[in-house]
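# Inside the fold
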Amino acid sequence: MAHWIPLWLHKLSSPPVFYGFAGKLRPWAIALALVLGLVALYGGLVLAPPDYQQGDDYRIIFIHVPCAWMSLFIYGVMGIAAFIALVWRIKLAEVVAMASAPIGASFTFITLVTGSLWGERMWGTWWTWDARLTSELVLLFLYLGVIALYHSFEDRRQGARTAAFLALIGIVNVPIVHFSVNWWNTLHQGSTIRLLGPSSISPSMIWPLLTMMIATKLYYIASLFGRARVDLLSLESGKDWVRQIAENEVRR
Amino acid sequence: MNPTRQRRLTIVIAILIAVIVASALVVYALQQNMNYLFTPSQVQAGEATSYKTFRLGGMVKAGSIQRSNDSLRVTFTVVDASGVMPVEYNGILPDLFRENQSVIATGHMDGARFVATEVLAKHDETYMPKELKDAMAKAHQGKHIDESASQDKSSL
């Protein structure tokens, strides 16, 4: 069958190939993320009708929910990259895992802040220790722990492998965050968007939400590629391909 | 796969399984004794007696809200499928507080009454325009209130 896929992936895991690939893809990802993000914001803040019970206040959903999805999605990517890094010691996997952590931490932080603002308006409180809110806070601490552990080693590869271990263990928190609203009584409501079965949001409101979801994914790709390229350059600074890039830069 | 990688793979997977089993057990245990809230019927069954303060969750019974004329004092009744609990509160209620709304009140028992120190409104995961809600209400007439009421209860 298509045995070029593993071959292509194997090639891509070599730093110079990934450096070039990410450099070519990044501007497109940024541009698309910006356009889709603006379209989603316009759709969510202007075109979508007010909600029957929350009025205009529900519009923070167009930031809060996509960011919450990204906080879990990025942790998933980081966990898988960490697993590959621990078993196969692939440099690119270490770089991807460590470059994902700050982006994921930012999305988690935005989720907590927007959730807090929303909660104050609707529930009547900024914060409560229910299962969803608490597990999302634990997710933020896991991200921060991974970042801190990574930077506490002199040798960056050793730091990456140690932090990858924490990232891998912390992945058990991802399903806990997702299912917390089903497993426990929480103040936080259940999931609106369901992959299986109908979602409980009207079509005029769902499209900006899904557009924003794609925009945040593309932003993550752009941000990850940018960070990974810089990390690869500094990790491989003695190698020929980096020297070549440096020479080309000087000539230009 | 070379032996070193094989060994690493085994170790990493073994640790991962151990962590998953451990946290599954923790989650399972917490499901039984981590209570964010009690429903009126749970309180009446005596499940909350060991707590001095706890959270009471349920629906505000239609027509039960009584506001005081000269203070912020308000009394209302919180119900679930089979329990009823009168609640007294002195303070500002969230905007979403109204009849047939799910609420979570923090406070303590005073005789048969629940005296709340904080009342939070819980909303469901449904979002729709007002026109659609009105159209649905018209189509279902009185039926839709009962329906959304029982839905709210099950989502609590």
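The name an unreviewed UniProt entry gives chain B is Cytochrome c-type biogenesis protein CcmE, with Dyella psychrodurans as the organism. What UniProt records for chain B under Sequence similarities (unreviewed entry) is the sentence "Belongs to the CcmE/CycJ family." Quoted verbatim from the Function (unreviewed entry) field of UniProt, the annotation for chain B is "Heme chaperone required for the biogenesis of c-type cytochromes. Transiently binds heme delivered by CcmC and transfers the heme to apo-cytochromes in a process facilitated by CcmF and CcmH."

As annotated in an unreviewed UniProt entry, chain A is Heme exporter protein C from Dyella psychrodurans. UniProt lists a comment for chain A under the heading Function (unreviewed entry), and it reads "Required for the export of heme to the periplasm for the biogenesis of c-type cytochromes." Its UniProt record gives chain A a comment under Sequence similarities (unreviewed entry), which states: "Belongs to the CcmC/CycZ/HelC family."

The next thing to look at is the UniProt feature "transmembrane region" (unreviewed entry) in chain A. All names here are of chain A. When the UniProt feature table is mapped onto this chain numbering, "transmembrane region" (unreviewed entry) sits at residues 28-48, 60-88, 95-117, 137-153, 165-185 and 205-225. Between the C-alpha atoms that bound residues 60-88 the distance is 42 Å, and the span itself is 97% helix and 0% strand. Across residues 205-225, helical content stands at 100% and strand content at 0%; the span's end C-alpha atoms are separated by 31 Å.

Moving on, we get to the pattern of salt bridges. As enumerated under the stated definition, the model contains 13 salt bridges over all chains in all. Of the charged contacts in the structure, one is a salt bridge between Lys239(A) and Glu236(A), with a shortest N-O distance of 2.9 Å. For Lys239(A), a relative accessible area of 41% puts it in the partly exposed group. With its nearest N and O atoms 3.3 Å apart, the salt bridge here joins Asp134(B) to Lys130(B). On the criterion of helical spacing, the pair formed by Asp134(B) and Lys130(B) is a turn pair, its members being four residues apart in helix H3 (residues 130-140). With relative accessibility at 40%, the residue Asp134(B) sits in the partly exposed group. Through salt bridges that share partners, Arg73(B), Glu88(B), Asp110(B) and Arg113(B) make up one connected network.

The next subject is the UniProt feature "binding site: heme" (unreviewed entry) in chain B. In this structure's numbering, the residues bearing the UniProt feature "binding site: heme" (unreviewed entry) are His123(B) and Tyr127(B). Here His123(B) is to be found in the loop between strand S6 (113-122) and H3. A distance of 3.0 Å separates a polar atom in the side chain of His123(B) from a polar atom in the side chain of Gln54(A). The topology assignment puts Tyr127(B) in the loop between S6 and H3. A polar side-chain atom of Tyr127(B) sits 3.3 Å from a polar atom in the side chain of Gln189(A).

On domain assignment, one finds that chain B holds domain 1 (1-34) and domain 2 (40-155). Here the C-alpha centroids of domain 1 of chain B and domain 2 of chain B sit 41 Å apart.

The phi dihedral of Arg89(A) is positive, around 55°, even though this residue is not glycine. Backbone geometry places Asn100(B), a non-glycine residue, at a positive phi of 65°. Turning to its location among the elements, Asn100(B) is positioned in the loop between strand S4 (84-90) and strand S5 (102-110). For Asn100(B), a relative accessible area of 28% gives the class partly exposed.

Taken as a class, soluble globular proteins show a tendency for nonpolar side chains to be buried jointly. Within the largest apolar cluster, 49 residues are counted, with the highest numbers of intra-cluster contacts made by Phe18(A), Tyr75(A), Met78(A) and Tyr143(A). At 11 residues, the largest contribution of residues to this core is made by helix H4 (residues 91-122) of chain A. Among residues more than four places away in sequence, those in contact with Tyr75(A) are Leu139(A), Leu142(A), Tyr143(A), Leu166(A), Ala167(A), Gly170(A), Ile171(A) and Val174(A). Membership of the second largest hydrophobic core comes to 21 residues, among which are Tyr58(A), Ile201(A), Ala121(B) and Tyr127(B).

Buried accessible area, meaning the area lost when the parts come together, often serves as the stated size of an interface. Contacts between the two partners involve 45 residues from chain A and, on the opposite side, 40 residues from chain B. Here chain A meets chain B over a buried area of about 3,800 Å², counting both sides, of which 62% is carbon and sulfur. For the interface between chain A and chain B, the tally reads one salt bridge. When the shortest N-O distance is used, the salt bridge between Glu125(B) and Arg194(A) registers 3.4 Å. Seen at the junction of chain A and chain B, the total is 16 residue pairs in polar contact (both at pLDDT 80 or more). Of all the elements in the fold, those that place two or more residues in the side of chain A that touches chain B are helix H3 (61-88), H4, helix H6 (156-170), helix H7 (173-183) and helix H8 (203-235) of chain A. Counting residues per element, the side of chain A that touches chain B draws most heavily on H3(A), which supplies five residues.

Conventions we followed
Residues numbered from 1 in each chain as written. Chains lettered and ligands numbered in written order. Predicted model: local features only at pLDDT ≥ 70, side-chain atom pairs only at ≥ 80, totals over all residues. Heavy atoms only, no water. UniProt positions renumbered as here; feature names shortened; annotations may be inferred. Helix = DSSP H or I, 4+ residues; strand = E, 2+ residues; numbered from the N terminus. Salt bridge = Lys/Arg side-chain N within 4 Å of Asp/Glu carboxyl O. Buried < 20%, exposed > 50% of the residue type's maximum accessible area, 1.4 Å probe, protein only. Polar contact = N/O pair within 3.5 Å; in protein donor to acceptor, adjacent residues only side chain to side chain. Domains from an automatic or database assignment. Core = buried A, V, L, I, M, F, W, Y, C linked by side-chain atoms within 4.5 Å. Contact = heavy atoms within 4.5 Å. Buried area = accessible area lost by both parts, 1.4 Å probe.

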